[in-house]
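Chain by chain, the residues run as shown.
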Amino acid sequence: MKIRDMLLERKPTVSFEVFPPKRDYPIETIHDTIKELKDLHPDFISVTYGAAGSTQNHTVEIASKIKNEFGIETLAHLTCVTSTRDQIKRVLHELRENQIENVLALRGDIPETYLKNPNFTPQYHYASELIREIHADGDWSIGGACYPEGHVESKNKLDDIKFLKQKTDEGLDFLVTQLFFDNEMFYQFQEKLELLDIQTPVIAGIFPFVNIRQIKRIQEISGCNLPPKFLRILDRYEHSPKALQEAGIAYAVDQIIDLLSSGVDGIHIYTMNKPEVTKRIMRSINHVRSTLNR
Ligand code: FAD
């Protein structure tokens, strides 16, 4: 099923993100994770794509497993900045061969080694070019990334949102946000989208923080705002891993309930391949999930 059709049903979607196991881990390790996530009845599970990594080839394989063996709808991420047009065509072909209908079209981050290479001349510069090409390729349901607090490279938030408008004008069926810890940022972002007449449904990305190393890294990469409530929790529990995990799960549940109550189009949980944390979150929103409509 196409995600654009799910979003027409006026019920918030609940979805999860997984990533292909890193080099040292066999690909089969993800199967147990998917099995456990399946019990939580997600609307779909997305699979990330390494911009230049050896795990790239596994995205189609894992997305196909999710769809064709586990019977769960899937969303395959696809980045373009380090790819040639032929490589993109090949991946789309493989996705189609595996009956995968949903693609998250991304630019991707340019790896340091590419940036240092004077001969690096990307065939794609922005996600919008990839979106145009996927459209020309056939009837896909296409999603894109968005950043409630602005993209980290963007010097000007206004330009960032104007570029987002260009991207949605290419014909995006839905957007998925980068993680955020302050729902007010998300609501302000929704207002900006409204002002620019961007009507694309927005699925909110939720990251349950469970350890301090993760938080530091995420903050470095995304530059996301850490609200006072979040910092108080960190300050209080940073040396008690179990307490921090409990607090991180409760924080995510609180964010999700607030978003669902506000009529969000969907919730996308960054599972970090840790089904236990996602299970605990889902258990806490069981009834909330079954009663709400958008
Ligand atoms: P774009 O939309 O192209 O934007 C990139 C930057 O360029 C922004 O600053 C934007 O303002 C600017 N820009 C856009 N158009 C123009 C223009 N015409 N002229 C000038 N500037 C412009 N990365 C991965 O490697 N693999 C993944 O699987 C992955 N999954 C992700 C999932 C989600 C939900 C999100 C939010 C991010 C994900 N990323 C992933 C990270 C993403 O690839 C990076 O954030 C990347 O830096 C930007 O990708 P984008 O598609 O948002 O780029």
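As a starting point, this report considers the structure included with it. (Residues numbered from 1 in each chain as written. Predicted model: local features only at pLDDT ≥ 70, side-chain atom pairs only at ≥ 80, totals over all residues. Heavy atoms only, no water.)

1. Some points on the overall build of the chain
Part 1 of the reasoning: A tally of regular secondary structure across the chain gives 13 helices and 8 strands.
Part 2 of the reasoning: Expected size for 294 residues packed as a compact globule is a radius of gyration near 19 Å; at 18 Å, the chain falls within 12% of this value.
Part 3 of the reasoning: C-alpha atoms of the chain, sized along the principal axes, occupy 50 × 45 × 40 Å.
Part 4 of the reasoning: Burial analysis of the chain (294 residues in total) assigns 51% to the buried set.
Part 5 of the reasoning: In the chain, 82% of the contacts between residues at least 6 apart in sequence involve partners at least 24 apart.
Part 6 of the reasoning: About 14,900 Å² of surface is accessible on the chain, with carbon and sulfur atoms providing 49% of the total.
Part 7 of the reasoning: Of the side-chain charges in the chain, 36 are positive and 42 negative, and the distance between the mean point of each set is 3 Å. (Helix = DSSP H or I, 4+ residues; strand = E, 2+ residues; numbered from the N terminus. Rg over C-alpha atoms; globule rule 2.2 N^0.38 Å. Buried < 20%, exposed > 50% of the residue type's maximum accessible area, 1.4 Å probe, protein only. Contact = heavy atoms within 4.5 Å. Areas by Shrake-Rupley, 256 points an atom, 1.4 Å probe, with all protein chains shown as cover. Lys, Arg positive; Asp, Glu negative; His and termini not counted. Charge placed at Lys NZ, Arg CZ, Asp CG, Glu CD.)

2. Topic: the pairing of strand E4 (residues 102-106)
Part 1 of the reasoning: When you tally the buried positions in E4, you get 5 out of 5 residues, the bulk of the element.
Part 2 of the reasoning: Burial along E4 is two-sided: the residues Asn102, Leu104 and Leu106 and Val103 and Ala105 are all buried.
Part 3 of the reasoning: Sheet topology note: the strand E3 (residues 74-79)/E4 ladder contains 4 bridges and is parallel. From the neighbouring strand, His77 faces E4, where its bridge partner is Leu104. (Pairing = 2+ DSSP bridges.)

3. Describing the sheet that holds E4
Whether parallel or antiparallel, the strands of a sheet pair through hydrogen bonds between backbone atoms.
Part 1 of the reasoning: The parallel closed barrel is built from 8 strands, whose spatial order is E1-E2-E3-E4-E5-E6-E7-E8. Neighbour-to-neighbour, the strand axes of this sheet turn through a mean angle of 25 degrees, independent of strand direction.
Part 2 of the reasoning: Across 4 bridges, the pairing between E4 and strand E5 (residues 141-146) is parallel. Note on E5: the bridge partner recorded for Ala105 is Gly144. (Axes fitted to C-alpha atoms, helices over the stretch in contact; angles between N-to-C directions.)

4. A word on unusual backbone geometry
Part 1 of the reasoning: Phi at Asp197 is positive, roughly 60 degrees, even though this residue is not glycine.
Part 2 of the reasoning: Considering the arrangement of structural elements, one finds Asp197 in the loop between helix H8 (183-195) and strand E7 (202-206).
Part 3 of the reasoning: At Asn273, a position not held by glycine, the phi torsion is positive, near 60 degrees.
Part 4 of the reasoning: Assessed through its relative accessible area of 18%, Asn273 is described here as buried.

5. Let's talk about the side chain of Arg289
Part 1 of the reasoning: Take Arg289: it is sitting in helix H13 (residues 286-291).
Part 2 of the reasoning: Looking at Arg289, its side chain comes within polar contact range of the main-chain oxygen of His41, at 2.7 Å.
Part 3 of the reasoning: Not counting residues within four places of it along the chain, the set of residues in contact with Arg289 comprises Lys11, Val14, Leu40, His41, Pro42, Asp43 and Met282. (Polar contact = N/O pair within 3.5 Å; in protein donor to acceptor, adjacent residues only side chain to side chain.)

6. Looking at the environment of Ile285
Part 1 of the reasoning: For Ile285, the location among the structural elements is in the loop between helix H12 (275-284) and H13.
Part 2 of the reasoning: Owing to a relative accessible area of 3%, Ile285 belongs among the buried residues under this scheme.
Part 3 of the reasoning: With 28 residues separating them along the chain, Ile285 and Ile257 place their C-alpha atoms 7.3 Å apart.
Part 4 of the reasoning: Once residues within four sequence positions are removed from consideration, Ile285 is found in contact with Val253, Ile256 and Ile257.

7. Things to note about the pairing of E3
Part 1 of the reasoning: In terms of burial, E3 is largely enclosed, as 6 of its 6 residues are buried.
Part 2 of the reasoning: A two-sided burial pattern is seen for E3, the buried positions comprising Thr74, Ala76 and Leu78 on one face and Leu75, His77 and Thr79 on the other.
Part 3 of the reasoning: When strand E2 (residues 44-47) meets E3, the two strands line up parallel, connected through 3 bridges. Looking at E3, one finds that Ile45 is bridged to Thr74.
Part 4 of the reasoning: In this fold, the crossover linking E3 to E4 by way of helix H4 (residues 85-97) has right-handed handedness. (Right-handed = clockwise from strand over helix to strand, strands pointing away.)

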